[in-house]
Amino acid sequence: MSRRRHQPDADDVSAFRRALSEAGVRPLQHNRADPGRPRREDEAARARRAAAADAGSDNVTGRTSDGRVEAVRPSAYLDFAPPDLPYRTRSQLKRGQIAWEAGLDLHGYTVDEARLELETFLHDAEAERARCVLVVHGKAWGATSDYPVIKSHVNAWLREWPSVLAFCSATDADGGTGAVYVLLRRQR
């Protein structure tokens, strides 16, 4: 049996709007959230805001976004997998028991260079039918930020990449929380 949502009639809608108006409820003037703290007014913050305002969706070159990402702590353990990934496969990846076939070190790259290198590396790994690769992103804080920039971006980019099945932080022998094992989908 299906339930249909009750559709209010025009009189109910106008009564509701009139009640809101009488109560002093006003429509929002903008859709920006108030973070509860004043905006930073240094030169770097102004430059980032200007770059974000100028950036459009027409300049996307690859499959990964270059927008705002969620900051992660330097020691944060990265872990991503779909819910239907077999437990055995996931635990083997976490323990470093799936041998990685290629590696990429992103130390010293800017965000744009790291993005391009990662996209090229993943394309090459797909072409070579690699099953697992290692990406070393490091844990260093950016010069103008208070979080590890490359690590945070790699975390976001890998989640968007279509052939990435799962990834997690590496074991201490392969870089610990400064690197990730990336499990790629098998291409048929």
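This is a predicted model, so every value here is computed, not measured.

1. Digging into the overall build of the chain
Argument step 1. When you go through the chain residue by residue, the secondary structure sums to five helices and five strands.
Argument step 2. Along the chain, from the amino end to the carboxyl end, the secondary structure elements read α-α-β-α-β-α-β-α-β-β.
Argument step 3. Burial analysis of the chain (188 residues in total) assigns 32% to the buried set.
Argument step 4. At a minimum sequence separation of 6, the contacts of the chain that also span at least 24 residues come to 69%.
Argument step 5. Carbon and sulfur atoms form 50% of the exposed surface of the chain, whose accessible area is close to 13,400 Å².

2. Concerning the pairing of strand E3 (residues 132-136)
Argument step 1. With respect to burial, E3 is a largely interior element, five of its five residues being buried.
Argument step 2. The side-chain alternation of E3 yields two buried faces, one formed by Cys132, Leu134 and Val136 and the other by Val133 and Val135.
Argument step 3. Read from strand E2 (residues 102-105) through helix H4 (residues 111-127) to E3, the crossover connection turns out right-handed.
Argument step 4. The sheet contact formed by E3 and strand E5 (residues 179-184) spans five bridges and is antiparallel.

3. Brief notes about the sheet that holds E2
Argument step 1. Spatial ordering of the open sheet is given by E1-E4-E5-E3-E2, a layout of five strands whose pairing is mixed. The open sheet has two free edges, formed respectively by strand E1 (79-80) and E2, since each of these has just one partner strand.
Argument step 2. The pairing of E1 with strand E4 (residues 164-169) spans two bridges and is antiparallel. Across the sheet, residue Phe80 finds its bridge partner in E4, namely Phe167.
Argument step 3. Packing against the sheet, helix H3 (residues 87-94) makes contact with E1, E3, E4 and E5, and its axis sits at approximately 45° to E4.

4. Notes on the environment of Leu85
Argument step 1. With respect to the helices, strands and loops of the structure, Leu85 is situated in the loop between E1 and H3.
Argument step 2. On a C-alpha basis, the gap between Leu85 and Leu165 in space is 8.3 Å, while along the polypeptide they are 80 residues apart.
Argument step 3. When near neighbours in sequence (up to four residues on either side) are disregarded, Leu85 contacts Arg90, Leu165, Ala166 and Leu183.

5. So, the pattern of salt bridges
Argument step 1. As enumerated under the stated definition, the model contains three salt bridges in all.
Argument step 2. Linking Arg90 and Asp79 is a salt bridge whose minimum nitrogen-to-oxygen distance equals 2.8 Å. Taken together, the residues span a long stretch of sequence, with Arg90 in helix H3 and Asp79 in strand E1 at a distance of 11 residues.
Argument step 3. Residue classification places Arg90 among the partly exposed positions, given a relative accessible area of 27%.
Argument step 4. In this structure, Arg115 engages Glu119 in a salt bridge whose closest nitrogen and oxygen atoms are separated by 3.6 Å. With Arg115 and Glu119 both in helix H4 and four residues apart, this pair spans about one turn of that helix.
Argument step 5. Given a relative accessible area of 7%, Arg115 falls into the buried group.
Argument step 6. Among the charged side chains, a salt-bridge network with shared partners connects Asp79, Arg90 and Lys94.

What counts and how
- Residues numbered from 1 in each chain as written.
- Predicted model: local features only at pLDDT ≥ 70, side-chain atom pairs only at ≥ 80, totals over all residues.
- Heavy atoms only, no water.
- Helix = DSSP H or I, 4+ residues; strand = E, 2+ residues; numbered from the N terminus.
- Buried < 20%, exposed > 50% of the residue type's maximum accessible area, 1.4 Å probe, protein only.
- Contact = heavy atoms within 4.5 Å.
- Areas by Shrake-Rupley, 256 points an atom, 1.4 Å probe, with all protein chains shown as cover.
- Right-handed = clockwise from strand over helix to strand, strands pointing away.
- Pairing = 2+ DSSP bridges.
- Axes fitted to C-alpha atoms, helices over the stretch in contact; angles between N-to-C directions.
- Salt bridge = Lys/Arg side-chain N within 4 Å of Asp/Glu carboxyl O.

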